[in-house]
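Spelled out, the chains give:
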Amino acid sequence: MLDKSRLSAVAELIRDHISLDSLDRYCAETGVCRQDFVVIDPSEFEGEIFAVDGSNVAVCSWSVANLNLIRAGYAVYRGRDWRRTVITYDDIFLADPRICAEQFDPYLEQIFGLKGIDLKESDLERLSTYFRELQEYIALDDATGEARPGDLILYDGSFDVFEPLRGALLTVFERAKEKDVALLAISKSSTLPWGEEISLPFVQHTSYAGSLMAPGVPWYLCLKDKKVDHGQGRWEGETYIVRFDGRSDHAFRVDAPSYLEDRIGSVLERLAAYSCSSECLGYPHALFRAHRDIRITDQEGGFLRLKLMEMLEEMGLGQSQVRILMQDFHDVLEMRPGI
Amino acid sequence: MKVAMDQEESQTRARASLADRKVIEKGDTTYRIVSKSVTEYHFIVPFDLSDEERVEVGQIFSIRDRGLTFLARVLDIQHSSNYDGHWDTAMKGTQFFDRDQIFNRVIAEPLGCVSKDGGFRKSRVLPTKFAPVARAEQAEFKFLKQVMGDIEIGSLRNGSRLVEEIPVALHSNAMDHHMGVFATTGMGKSNFMKVFAASCMRLACMGRSRFGLLIVDPHGEYLKGNGLVKGLTHLKRYREGLACYSTDQKNASDPGVEELAVSASEVRPEDIALLYEWSPPQRDALDAISRIFNSNHWLEEIQGTEGLDRMVLDGFKENTVKVLVRRIKNVLERNKYIQKRSSLANILANLQSGKVVLVDIPRMSDRSELFLLSVISRHILEEYKKEEQQERKNCLITIEEAQRVLGAGSNTSRFETIAREGRKFGVGLCAITQQPKLIDKQLLSQFNTLVVMGLGDRNDRMQLEESAKQDLSSLDIEIQTLEKGEAIISTLDIPFPVPARIHRYEDYLRRLDKEEKEEGLVSRGGFKPFLE
């Protein structure tokens, strides 16, 4: 039974802690102060912006293995003009711990010169997520190959990644540094916490603090030496909280490799100049386009599922057999059509 | 059975997928048919077109699709995008980055399709998805030349652009099926009528006229015009095609203008009847006049004491008859042209020979105009009802402010009779009005040619849409937005309602005055207005 008093206690907790009334506690516990908010002066540039994204949709499952549709690629802009979208991977992925190494290794070896990955202990959901991430790193690498010195490459996510794939990302960092290309990871939904009594949302509270300490302007905040666990030391770079447009309420977590540390301000100035579109104010527009061009819609997943069912039928499998093999019993309980 | 993919196969797939990268680049996403049905086409255009390129309601586009060229008229233009919901109101700022994702959706109504051999027909098929759409140009409208008539009135209009090479011309043979000219004040009704009359005069002079046109002008604007605005007599080259009659002494003193006279014997009690509201006894008395008096002298007889006695003897109250007589005297007083001699025979002869007959009655009251029109039109109908003469041309009677005589419940059955039966005898009506909503719906449905020149009142438009032979309902926005001199012409011999710009009379006049008499306007194809 729902205990209303417990719900009420949580409500109080949210009121007292999550809604930030005063910045004193935030500043004291995180080490953030007014001077940490560095104003960004947006500055247009001649180069191109590459925005990398990926998408993953479950097609079907038979408990011990999953079939997913995965897509990765990047959108390219020069200034405000979309130039092209490149799809580097658009295929199905069979998530089976027994064969997954065979699916990962050729890419790791051929593209990143890395050997072996052990994913046998990973659950099926994670397997497809890792594969999508791998494909995103391949897209990052492809974009790095296409980019010219001074260009910007954006990644939708964080660089604080799953350990087995960290090597791939390091290779991308090296290649980007060598080519003098700026690489940034921008995260829409960061889980960075702060606070001693309860986990509080750091990005949201920093956004709020920024709106008071640096109102109406874009700014960034470096997390170096701040009392926030943002994966320091787990990867070679630094994390920032950035508001790209003064009119926007949203700030984002931005990861940058260490080779950008001394020029992060100018890189963010360039990016801020292209984060002011009416379509998605305050977010790097190239990432907005990449998300829309690369995403796999529910209809696409549904269509592929139907195609698979058709093939199974042609191969002699009856619907009841398919149901026995693949139906998720939750679908039965929820009275959903399922497979 | 081998379940898992082996290493070699995986490597092959990895290599293949890397080589298989797909690049989506900028393409032509606009100006292509994207939907929707046989009855409605949708295509998209950039949202930020230059002023010259902007798409307008009423504009005609062509869709080339293999052997067919579909034509479609723009009904509406909407803001649209590939984004869902109210994305554009939820966000701040006005700097669009993805110009290929934000666009205007154009909704167009199919007009029909032109086949390779140039034939036009209504379309029963749908253009192929993504078939290219372009602004229709002269070449796509060529087929219209074949279906246009002989009375040139303007040029084809595509949106607000003029297609000068394609003249718009009405058909003479449709005129006994009645014509309606509908427009609010200042939209160019008089200019249209003068252009129409000028073309009729020209046809008459060339011996190609198929009907005589009667215009009764109570405003005195058609004969000599006013200042810079020219009249019909200014068309010197085709002056022979015009016969003028005037009640104005000064105008009648001009050569070529005859003083109007109507003989008292040509006036009938029913001509008086339409001028006033009558009580039932008064109407009875009016109806009895033709029985009691000599039909040629009744006007004179009833005004005398003997006339009064005869009416009273027939059972009518003295007061009733006195009202009748008083009103008749008033009519005679106001219409000095009622004399012993008559112009009606000449008027009829001119009409029957296919001329334009202008009856100029400046400064005459509304009632007098109606009275005169009634006398003349009755005379015409009676004569046309007689056995058809071989050389006789049809006749088109113009009625200004036609709602007075064709309105629901009006007591002017004469004009209703012409509207309903005139066609059988070769007599048509040209009804001009600002308020088609006041015209009887059934009568309006008898009109086969409509010239619509901008109507702001929704009820006026609805009345026309409900009564027109061609579907005008989809043109509602366009009719609302018509500018001065612009018109929609709907007539049965032209396959769809045609957008036109009526020639400016003064420009048309100068062109007609310069042209060789035998030169065919339509075959020559339109004209460019003279520059001032």
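Keep in mind that what you see is a predicted model, and the values were worked out from it rather than measured. (Residues numbered from 1 in each chain as written. Chains lettered and ligands numbered in written order. Predicted model: local features only at pLDDT ≥ 70, side-chain atom pairs only at ≥ 80, totals over all residues.)

**Concerning the sheet that holds strand 2 (residues 48–61) of chain A**
Within a sheet, each strand pairs with its neighbour through backbone hydrogen bonds, oriented either parallel or antiparallel. Defined as follows: Any two strands are treated as partners once DSSP identifies two or more bridges connecting them. Labels follow the DSSP assignment, with helices taken as runs of H or I lasting at least four residues and strands as runs of E lasting at least two, numbered in each case from the N terminus.
With respect to topology, 10 strands assemble into an open sheet ordered 1(A)-9(A)-10(A)-11(A)-6(A)-5(A)-2(A)-3(A)-4(A)-1(B), the strand pairing being mixed. Here the strands that pair on one side only, and so sit at the sheet edges, are strand 1 (38–39) of chain A together with strand 1 (22–25) of chain B. Sheet analysis places strand 2 of chain A next to strand 5 (residues 152–156) of chain A, joined by four bridges and oriented parallel. Across the sheet, residue A:F50 finds its bridge partner in strand 5 of chain A, namely A:I153.

**Re the sheet that holds strand 12 (residues 211–217) of chain B**
All names here are of chain B. Rules: For helices, the fitted line uses only the C-alpha atoms of the stretch in contact; every axis is such a line through C-alpha atoms, and the angle between N-to-C directions lies from 0 to 180 degrees. Any two residues are considered in contact once their C-beta atoms, placed from the backbone, lie within 7 Å.
One open sheet holds the 12 strands; their spatial order is 10-9-24-23-22-11-21-20-12-19-15-16, and the pairing between them is mixed. Lying at the two open borders of the sheet, with one neighbouring strand each, are strand 10 (161–170) and strand 16 (257–259). Averaged over neighbouring strand pairs, the angle between their axes works out to 25 degrees when direction is ignored. By the bridge criterion, three bridges tie strand 9 (residues 151–158) to strand 24 (residues 498–502) in an arrangement that is antiparallel. Pairing of L156 across the sheet is with A500, part of strand 24. The strands touched by helix 11 (residues 344–352) within the sheet are strand 12, strand 15 (242–246), strand 19 (356–360) and strand 20 (394–399), with strand 12 carrying the most contacts at an inclination of about 135 degrees.

**Observations regarding the environment of A:L183**
All names here are of chain A. The condition is simple: Comment: burial labels come from other C-beta atoms within 10 Å of the residue's own C-beta, placed from the backbone, where a count of 20 or more is buried, 12 or fewer is exposed, and between is partly exposed.
Checked against the element boundaries, L183 lands in strand 6 (residues 182–187). The class for L183 is buried, based on 30 C-beta atoms found within 10 Å. Distance from L183 to L312, taken between C-alpha atoms, is 44 Å for residues 129 residues apart in sequence. When residues no more than four places from it in sequence are discounted, the contact partners of L183 are I153, F173, A176 and P257.

**Observations regarding the domain arrangement of chain B**
All names here are of chain B. Defined as follows: Start and end positions for the domains come from either an automated domain assignment or a database one. For this scheme, ten residues count as nonpolar: Ala, Val, Leu, Ile, Met, Phe, Trp, Tyr, Cys and Pro. Four count as charged, namely Asp, Glu, Lys and Arg, and the remainder, Gly too, count as polar.
Domain assignment breaks chain B into domain 1 (33–136), domain 2 (151–260 + 343–519) and domain 3 (265–334). On a C-alpha basis, the centres of domain 2 and domain 3 stand 34 Å from each other. Every contact between the two is made by 12 residues of domain 2 and, on the other side, nine residues of domain 3. Here the side of domain 2 that touches domain 3 is composed, by residue class, of four nonpolar, six polar and two charged.

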